[in-house]
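# Structural characterization, general
Letter by letter, the chains look like this.
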Amino acid sequence: MNYQGDKERQAQAILQKVFGYASFRGGQAKVINHLLNFTYTLAIMPTGAGKSLCYQIPALLFAGITIVVSPLIALMKDQVDTLNRYGIPVTYINSSLKKREIKERLQEIAKGNYKVIYVAPERLAAEEFVQSLKHVKVDFIAVDEAHCTSQWGHDFRPSYRRIAAFIQNLPQRPLVGAFTATATPEIKSDIIKFLALKEPRVVVTGFDRQNLHYAVLRGQNKQEFVVDYVLANRGKAGIIYAATRNDVDKISELLNKNGILCSKYHAGMRDAERTENQENFLQGKLPVMVATNAFGMGIDKPDVRFVIHYSIPKNLESYYQEAGRAGRDGEPAHCLLLFHPQDVMVQKYLIEETVYSPRRKEHELKKLQMVVDYCHTSKCLRQTLLDYFGDEESRDYCGNCSNCLDDAINVDVTLDAQKALSCVYRLKGRFGSSMVAQVLKGARTKRIRQLKLDHLSTYGLMAEKELAEIRDFLGFLIAEGYLCLTKGKYPVVKLTKNAIDVLKGHKKITRKMPAPKSTRQT
Ligand code: ADP
Ligand code: ZN
């Protein structure tokens, strides 16, 4: 008999008989199969995708004990209660218990009376806990919220760094599985290193939210856009994210003035007011919420139909998480990102103000640039997001984003690209995109005259275009990898290798542009 198939069948049977679910969700079966083959596995799946089953099912199939390490004390009890209800002997040990209760549970653990034990990471350092495991066989350690191992994440926990030593000291080396929703390359390699995952399989899956429509809008009058959009979608629940408290105040005032009542939320408001506004939003009394990124943690409103980012977020993880608050019910929902170059400066300023280590600062700036690239790419937006997270299920065309939609047309922009690229070449990679745009426009500034840039052959090559349009086009060339920006606070624009073919006329460049629309009545 095929042993592998046998294990898969057993996992399937547990899914149905114990948990009562018909089938695995995307990626779950893969993670479970790796684990059942005793392969160290790092599973990266977004919140709500169903990570718990991925370690619970193997735990039930292994002969020995499974230890689940989790920092979320509140969730621990829930999971344990649920598994107990299914008739599985499971317990947890954390600081919420009395000394006596802990002692009793440790005695039961030593007798081998529990199949799964949930613990907070700090517990692994407690001698009584280590002792209680001396004579039982631990087969599997599941480390939940594994990104806590990494300082690159937002919730680093030193106790996560001691998990590897704990495992090392067990009488027999168990299988280790790590689970998280956060997946940057830095965090990934930290998890593998600090949890000492030997030749792990990394499974990134479940990031696609097919009911969400992604769109980027550049060059809009943002205020008009928001008012128009919300009026056209009256009665629907939506969130508008702004970068600063001041913007939140201004936007909600603007909506109020246009007859749209809305709630607002930012860290500068009193607790009571925030709570009240949040309740009004959740209950649908005021279905539009204007907020900073302080809003949303733990908010589970299923029927949010749109999430508008009034300005760009600081990185694509935040974007995915904030935009992902739309359409939790699986019904179609829209995620709109309004791009304006000025907002990049605001985010840079915020990074400058809040991040102190130079290495970290550079890291944050790099992540911000990926948001800017997302805003300028001609590729499928969903694909760009899935690629960023390393999801295996990405494809070239989704048919449900502003770059895949039928009303966007491909325009040949090779000639403009050659103009812009040769200008960057003439400027010898000494200036930022703002100066490159001014030279292409043929702007008459003092600085340009002083530097004699008006003598360059590329000066004024795109004089017929608006300055903002030229800057936007440079953003596109950066996003598509023909130009690049140097690191640091004042990046300069340089050519990449890809630019050479275009300059030599060996390569054509096309760009997705919105098809001309019939004029809107205002
Ligand atoms: P995560 O830890 O990834 O945030 P959970 O493990 O808490 O997600 O699962 C989210 C929800 O999805 C839970 O209510 C869980 O019972 C449910 N779920 C998980 N897997 C399946 C499945 N295969 N079929 C149906 N529901 C599932
Ligand atoms: Zn698409």
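The shown structure was predicted, so the numbers you read here are calculated from the model rather than taken from an experiment.

Quick look at the coordination of the zinc ion (ligand 2) now. When four donors bind a metal tetrahedrally, each ideal donor-metal-donor angle is 109.5 degrees, and when six bind octahedrally, the ideal angles are 90 or 180 degrees. Bound to the zinc ion (ligand 2) are the protein donor atoms Cys380 (SG), Cys398 (SG), Cys401 (SG) and Cys404 (SG), situated 2.3 to 2.4 Å from the metal. Coordination at the zinc ion (ligand 2) comes from 4 donor atoms whose angles at the metal span 101 to 118 degrees, giving a geometry best classed as tetrahedral. Counting along the primary sequence, the residues that act as donors to the zinc ion (ligand 2) give the motif C-x17-C-x2-C-x2-C. Here the residue Cys380 occupies a position in the loop between α14 (358–376) and α15 (381–389), and Cys398 occupies one in the loop between α15 and β14 (408–412), the gap between them amounting to 18 residues. Exposure class is identical for Cys380 and Cys398. Each is buried.

Looking at the protein chain, the domain boundaries give domain 1 (7–204), domain 2 (212–406) and domain 3 (410–519). The C-alpha centroid of domain 3 is placed 28 Å from the C-alpha centroid of domain 2. Between domain 2 and domain 3, the residue contacts involve 13 residues of the former and 15 residues of the latter. Together, the buried faces of domain 2 and domain 3 total about 1200 Å²; carbon and sulfur atoms form 48% of this surface. At the junction of domain 2 and domain 3, the tally comes to 2 salt bridges. Here Glu362 ties to Lys487 by a salt bridge, and the two come within 3.6 Å at their closest N and O atoms. The interface formed by domain 2 and domain 3 contains 6 residue pairs in polar contact (both at pLDDT 80 or more). Contributions of two or more residues to the side of domain 2 that touches domain 3 are made by α13 (341–354) and α14.

All chains considered together, the criterion is met by 20 salt bridges. Here Lys137 makes a salt bridge to Asp139, at a shortest N to O gap of 2.7 Å. For Asp139, a relative accessible area of 12% puts it in the buried group. Salt-bridge contacts for Arg360 lead to Glu364; the nearest nitrogen and oxygen are separated by 3.5 Å. Remark: Glu364 and Arg360 occur in helix α14; sequence separation between them is 4 residues, near one turn of the helix. Through salt bridges with shared partners, one network takes in Arg218, Asp472 and Arg511.

Before going further, it helps to examine the sheet that holds strand β12 (residues 304–309). What links the strands of a sheet is backbone hydrogen bonding, and the strands pair in either a parallel or an antiparallel sense. Strand order in the open sheet made by the 6 strands is β8-β13-β12-β9-β11-β10, with parallel pairing throughout. For this open sheet the edge positions go to β8 (212–218) and β10 (263–265), each flanked by a neighbour on one side alone. For this sheet, the mean inter-axis angle between neighbouring strands, taken without regard to orientation, is 15 degrees. Its contacts with the sheet place helix α10 (residues 245–257) against β9 (237–241), β10 and β11 (288–291), and it is angled at close to 150 degrees to β11.

This brings us to the site of ligand 1. If you check the shell around ligand 1, you find 13 residues, and the closest are Tyr21, Gln28, Gly48, Lys51 and Ser52. Contacts to ligand 1 include Gln28, whose side-chain N or O atom sits 2.9 Å from a nitrogen atom. Separating an oxygen atom of ligand 1 from a side-chain N or O atom of Ser52 is a distance of 2.5 Å. Relative to its free-state accessible area of 570 Å², ligand 1 is covered by the protein chains to the extent of 68%. If one sorts the elements of the shell around ligand 1 by residue count, helix α3 (residues 51–61) sits on top with 3 residues. For the shell around ligand 1, the class distribution of residues is 5 nonpolar, 6 polar and 2 charged.

Our next topic: helix α2 (residues 28–36). Of all 9 residues in α2, 7 are buried; the element is thus mostly enclosed. Residues of α2 that are buried: Gln28, Val31, Ile32, Asn33, His34, Leu35 and Leu36. Immediately beyond the C-terminal end of α2, within one or two residues, lies Phe38, with a positive phi of roughly 60 degrees.

Each value, and the rule that gives it
Residues numbered from 1 in each chain as written. Chains lettered and ligands numbered in written order. Predicted model: local features only at pLDDT ≥ 70, side-chain atom pairs only at ≥ 80, totals over all residues. Heavy atoms only, no water. Donors = N, O, S within 2.8 Å, 3.2 Å for Na, K, Ca; no water. Tetrahedral: all angles 85-135°; square planar, octahedral: opposite > 155°, others 65-115°. Helix = DSSP H or I, 4+ residues; strand = E, 2+ residues; numbered from the N terminus. Buried < 20%, exposed > 50% of the residue type's maximum accessible area, 1.4 Å probe, protein only. Domains from an automatic or database assignment. Contact = heavy atoms within 4.5 Å. Buried area = accessible area lost by both parts, 1.4 Å probe. Salt bridge = Lys/Arg side-chain N within 4 Å of Asp/Glu carboxyl O. Polar contact = N/O pair within 3.5 Å; in protein donor to acceptor, adjacent residues only side chain to side chain. Pairing = 2+ DSSP bridges. Axes fitted to C-alpha atoms, helices over the stretch in contact; angles between N-to-C directions. Near = heavy atom within 4 Å. Areas by Shrake-Rupley, 256 points an atom, 1.4 Å probe, with all protein chains shown as cover. Nonpolar A, V, L, I, M, F, W, Y, C, P; charged D, E, K, R; others polar.

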